[in-house]
Amino acid sequence: MAMWIQEAIEHPGSFTEYMKRRFGKKAFTSKGTIKVSYIKKVLNDPNVSETTRRRARLALTLRKLSRRKKKKGKKGKKGKKGKKGKKGRKK
């Protein structure tokens, strides 16, 4: 399905470790995800390496993908409520 994601993530957790070193706990939400405002700070900083910029852009992309996937999953569940199985039908 989306095999590019596995190929794009060469070093899992490297961007998270970078954010911990640079900003500390304030860059993370209570759930442990990186705040978008801090990702954008990294993207706008001219002193950041190109590799780190790519990791930041990937973090934003993956965040959008997960949000889109959650919305899509909620819509599909509504239509199945009223249907009965084979046992509930009359002959």
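Everything discussed here concerns the structure shown above.
None of the values given here were measured: they were computed from a predicted structure.

Caption draft 1: Region of the structure containing helix α2 (residues 14–23). Along α2, the positions that sit buried rather than exposed are F15, Y18, M19 and F23. All buried residues of α2 project into a common sector of 100° when viewed along the axis, lining one side. The positive-phi residue at the C-terminal boundary of α2 is G24, with phi of around 80°.

Caption draft 2: Seen up close, the nonpolar core. Of all hydrophobic cores here, the largest spans 13 residues; its most connected members are F15, M19 and V42. Only α2, α3 (36–44) and α4 (50–76) provide two or more residues apiece to this core. It is α2 that provides the largest number of residues to this core, a total of four residues. Apart from the residues within four sequence positions on either side, F15 is in contact with I34, I39, V42, T52, R55, A56 and A59.

Parameters and conventions
- Residues numbered from 1 in each chain as written.
- Predicted model: local features only at pLDDT ≥ 70, side-chain atom pairs only at ≥ 80, totals over all residues.
- Heavy atoms only, no water.
- Buried < 20%, exposed > 50% of the residue type's maximum accessible area, 1.4 Å probe, protein only.
- Helix = DSSP H or I, 4+ residues; strand = E, 2+ residues; numbered from the N terminus.
- Arc of directions from axis to C-beta.
- Core = buried A, V, L, I, M, F, W, Y, C linked by side-chain atoms within 4.5 Å.
- Contact = heavy atoms within 4.5 Å.

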